[in-house]
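This is what each chain is made of:
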Amino acid sequence: MAKIYLHENPPEKVLELLITDNTLPDPVRAITHELRARAWQASGNTLEGARERTLLEALLSGADLIEQNREQIWNNLRLITPIALKQLIIEPPPDILSGWMELVELSRRYLQQPGALAEVTPHWQQRYPGHPATAAFIPKLLDSLNLVGQTPGQIALLLPLNGNLAEAAGAIRDGVLAAYY
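Computed from a predicted model, the values in this text were never measured in an experiment.

The rules we used
- Residues numbered from 1 in each chain as written.
- Predicted model: local features only at pLDDT ≥ 70, side-chain atom pairs only at ≥ 80, totals over all residues.
- Heavy atoms only, no water.
- Helix = DSSP H or I, 4+ residues; strand = E, 2+ residues; numbered from the N terminus.
- Rg over C-alpha atoms; globule rule 2.2 N^0.38 Å.
- Buried < 20%, exposed > 50% of the residue type's maximum accessible area, 1.4 Å probe, protein only.
- Contact = heavy atoms within 4.5 Å.
- Areas by Shrake-Rupley, 256 points an atom, 1.4 Å probe, with all protein chains shown as cover.
- Lys, Arg positive; Asp, Glu negative; His and termini not counted.
- Charge placed at Lys NZ, Arg CZ, Asp CG, Glu CD.
- Phe/Tyr/Trp six-rings, centres within 6.5 Å; stacked < 30°, edge-to-face > 60°.
- Axes fitted to C-alpha atoms, helices over the stretch in contact; angles between N-to-C directions.
- Parallel < 35°, antiparallel > 145°, perpendicular 65-115°, else oblique.
- Left-handed = near helix turned anticlockwise from the far one by under 90°.
- Nonpolar A, V, L, I, M, F, W, Y, C, P; charged D, E, K, R; others polar.
- Core = buried A, V, L, I, M, F, W, Y, C linked by side-chain atoms within 4.5 Å.
- Salt bridge = Lys/Arg side-chain N within 4 Å of Asp/Glu carboxyl O.

Draft legend 1. Seen up close, the overall build of the chain. A count of helices and strands for the chain gives 10 helices and zero strands. Shown N-terminal to C-terminal, the secondary structure of the chain runs as helices and strands in the order α-α-α-α-α-α-α-α-α-α. On C-alpha atoms alone, the chain measures out to a radius of gyration of 22 Å, which is more than a quarter above the 16 Å that the 2.2 N^0.38 rule sets for 181 residues. Along the first, second and third principal axes, the C-alpha atoms of the chain reach 70 × 45 × 30 Å. With 181 residues in all, the chain has 34% of them scored as buried. When contacts within the chain are restricted to residue pairs at least 6 apart in sequence, long-range pairs at least 24 apart make up 51% of them. Entry remark: accessible area of the chain is about 11500 Å², with carbon and sulfur atoms responsible for 57%. Each charge sign in the chain was given a centre, from 15 positive and 20 negative side chains, and these centres are 1 Å apart.

What follows is the structure, encoded as structure tokens:
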């Protein structure tokens, strides 16, 4: 019923329908957390969506499902503004959700300096021992940040050279060529 509600009604209705009950069997609890996470995301509350996904992880089996869930947590928390994220880290280490939030904050701080991020992640790992991001997520994050910092070998510039925008396009083309040479 909640799956149907999620597609046809406001997310708040789904959240009213699905209560967290730790006495339910694990597969039912997993579905409940997944649907609640999707409902929170649909309502724009990405923090609560990430919180539901941290609870969901313990109920997942299969490396692919766990990795997808971690990426969803990451993507949800990246949508929160840096100021709000800093204010929302209220639980001390080793809280899992706070660990994710702090990792997002570190990745933003060292976005252009992946080497510096690699240096501070061991300190983060000491603060959050056994955190789910430690095993495969952090190396993958560092690899992606190394790619972001690289200068592209080629770029493409598509501009209208005819018509009423030709003059502005010519100025842009000339500026790019001037910068290149």
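Next comes the rest of the account.
Draft legend 2. Broad picture of the packing of aromatic side chains. The tally for this structure, following the rule as stated, stands at four aromatic pairs. Among the aromatic side chains, those forming a connected cluster through ring pairs are Trp74, Trp100 and Phe137.

Draft legend 3. Structural detail: the packing of helix α3 (residues 26-43) against helix α4 (residues 46-57). Axis separation between α3 and α4 bottoms out at 8 Å; the angle between their running directions is 165°. As far as their axial angle goes, α4 and α3 are roughly antiparallel. The handedness of the crossing between α3 and α4 is left-handed. Contacts between α3 and α4 involve Ala30, His33, Glu34, Arg36, Ala37, Arg38, Trp40 and Gln41 from the former and Glu48, Gly49, Glu52, Arg53, Leu55 and Leu56 from the latter. Its residues placed into classes, the contact of α3 with α4 shows five nonpolar, three polar and six charged.

Draft legend 4. Molecular detail of the side chain of Glu105. With respect to the helices, strands and loops of the structure, Glu105 is situated in helix α7 (residues 96-109). Excluding residues that lie within four positions of it along the chain, Glu105 makes contacts with Leu85, Lys86 and Ile89.

Draft legend 5. The arrangement of the nonpolar core in detail. The biggest cluster of nonpolar side chains holds 23 residues, and the ones touching the most others in it are Trp74, Leu77, Trp100, Leu103, Leu117, Trp124 and Ala133. Counting only elements with at least two residues in this core, the list comes to α4, α5 (63-78), α7, α8 (114-127) and α9 (137-148). Here this core gets six residues from one element, more than from any other, and that element is α7. Apart from the residues lying within four places of it in its own chain, the contact partners of Leu117 are Leu106, Ser107, Tyr110, Leu141, Leu142 and Leu145. Counting eight residues, the second largest nonpolar core, distinct from the first, contains Leu6, Leu15, Leu18 and Ala39.

Draft legend 6. Unusual backbone geometry, seen in detail. For the bond from Pro93 to Pro94, the omega torsion is 10°, close enough to zero to count as cis. Within the secondary structure, Pro94 is located in the loop between α6 (82-88) and α7.

Draft legend 7. Representation of the pattern of salt bridges. Under the criterion given, the structure shown has 11 salt bridges. A salt bridge links Glu71 to Lys140; the shortest N-O distance between them is 2.5 Å. Taken together, the residues span a long stretch of sequence, with Glu71 in helix α5 and Lys140 in helix α9 at a distance of 69 residues. The class of Lys140 is partly exposed, set by a relative accessible area of 40%. A salt bridge links Arg173 to Asp174; the nearest nitrogen and oxygen atoms lie 3.2 Å apart. Its relative accessible area of 35% is what places Arg173 among the partly exposed residues.

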